[in-house]
Amino acid sequence: VKIVESGGGLVQAGGSLRLSCAASGRTFSNYAMGWFRQAPGKEREFVAAISWRGGNTYYADSVKGRFTISRDNAENTVYLQMNSLKPEDTAVYYCAGSLAMTRREYEYNYWGRGTQVTVSS
């Protein structure tokens with residue numbers, strides 16, 4: 001699965017961004033999809049995940065209520081709507097695919113190169 005993220009950028013605190021993740025190469029709907037992020041000097045961390053048909057979602061506590069993950073299997077795309085952004089959300093955001101619905105990074109087999117999100121205070 002080839003994965004390409006887009007939609008990152010610079011936004012003021014309190015603002016919104018929507019990230020997109022376009023996947024190709026294998027049957028997209030067979031994969032659960034997740035978003036992870038890595039801030040400077042920190043380890044990569046789980047943000048959100050969505051099941052194959054979109055019926056189940058997981059969120060990190062730090063983004064619950066502010067971020068929403070969704071997917072469009074017809075378009076082979078996953079989205080991360082990010083509202084009420086905070087400076088601590090600044091990171092490179094990665095999209096990844098897994099055969100398991102999971103928060104665990106090591107269970108994701110396919111990764112994009114990431115998109116930078118910067119939230120100014």
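Residues numbered from 1 in each chain as written. Predicted model: local features only at pLDDT ≥ 70, side-chain atom pairs only at ≥ 80, totals over all residues. Heavy atoms only, no water.

A.B. asks: I'm lost on the sheet that holds strand β8 (residues 77–82) in this one. Help?
C.D. replies: Backbone-to-backbone hydrogen bonds join strands into a sheet, with any given pair of strands oriented parallel or antiparallel. Taken together, four strands build an open sheet; the order of strands is β1-β3-β8-β7 and the sheet is antiparallel. Two strands close off the open sheet at either side, each with one partner strand: β1 (2–6) and β7 (67–72). Between one strand and the next, the sheet's axes are offset by a mean angle of 15°, whatever the strand orientation. Here β7 pairs with β8 via six bridges, running antiparallel. Each bridged residue has a counterpart across the sheet, and for S70 the counterpart in β8 is Y79. (Pairing = 2+ DSSP bridges. Helix = DSSP H or I, 4+ residues; strand = E, 2+ residues; numbered from the N terminus. Axes fitted to C-alpha atoms, helices over the stretch in contact; angles between N-to-C directions.)

A.B. asks: Which parts of the structure should I look at to understand the packing of aromatic side chains?
C.D. replies: The relation between two aromatic rings is expressed through the spacing of the ring centres and the mutual angle of the planes. Under the counting rule described, the total for this entry stands at five aromatic pairs. Judged by centre distance (5.0 Å) and plane angle (80°), the ring pair of F36 and Y108 falls under edge-to-face. Here Y108 lies in the loop between β9 (91–98) and β10 (110–111) and F36 lies in strand β4 (residues 32–38), a separation of 72 residues in the sequence. The pair formed by F36 and Y108 is uniform in burial state, with each residue classed as buried. Of the aromatic side chains, those joined through ring pairs into one cluster are F36, F46, Y108 and W111. (Phe/Tyr/Trp six-rings, centres within 6.5 Å; stacked < 30°, edge-to-face > 60°. Buried < 20%, exposed > 50% of the residue type's maximum accessible area, 1.4 Å probe, protein only.)

A.B. asks: Explain the environment of S29 here, please?
C.D. replies: Structurally, S29 is set in the loop between β3 (17–24) and β4. Residue S29 is classed as partly exposed on the basis of its relative accessible area, which comes to 34%. C-alpha of S29 to C-alpha of I50: the two residues are 21 residues apart in sequence and 11 Å apart in space.

A.B. asks: Help me understand the pairing of β3, please; the structure alone is not making it clear to me.
C.D. replies: As a general feature of sheets, a regular strand has side chains that alternate between the two faces. As judged from the five bridges shared by β1 and β3, these two strands associate in the antiparallel manner. Its bridge partner lying in β3, K2 is registered against S24. As paired strands, β3 and β8 are joined by six bridges and run antiparallel to one another. Opposite L19, over in β8, you have L80 as the bridge partner.

A.B. asks: Please explain the nonpolar core as it appears in this structure.
C.D. replies: For soluble globular proteins, the rule of thumb is that nonpolar side chains tend to be buried together. If you look at the biggest cluster of nonpolar residues, it comprises 35 residues, and the most contacted ones within it are M33, W35, L80, M82 and Y93. Among the secondary structure elements, those contributing two or more residues to this core are β3, β4, β5 (45–50), β7, β8, β9 and β11 (115–120). Here the element with the most residues in this core is β5; it accounts for five residues. In this structure Y93 touches E5, L19, W35, F36, R37, V47, F67, L80, M82, G114, T115 and V117, once residues within four positions along its chain are discounted. (Core = buried A, V, L, I, M, F, W, Y, C linked by side-chain atoms within 4.5 Å. Contact = heavy atoms within 4.5 Å.)

A.B. asks: Is there a simple way to think about the state of the cysteines in this case?
C.D. replies: Should the sulfur atoms of two cysteines be covalently bonded, the bond is a disulfide. In total, this model carries one disulfide according to the counting rule given. Between the sulfur of C21 and that of C95 lies a disulfide, 2.0 Å long from S to S. Across the S-S bond of C21 and C95 the torsion is about -75°, and the bridge reads as left-handed. A residue pair is termed long-range when its members are at least 10 positions apart, and C21 in strand β3 and C95 in strand β9 qualify at 74 residues. In this structure, C21 and C95 share a single accessibility class: buried. (Disulfide = S-S within 2.5 Å.)

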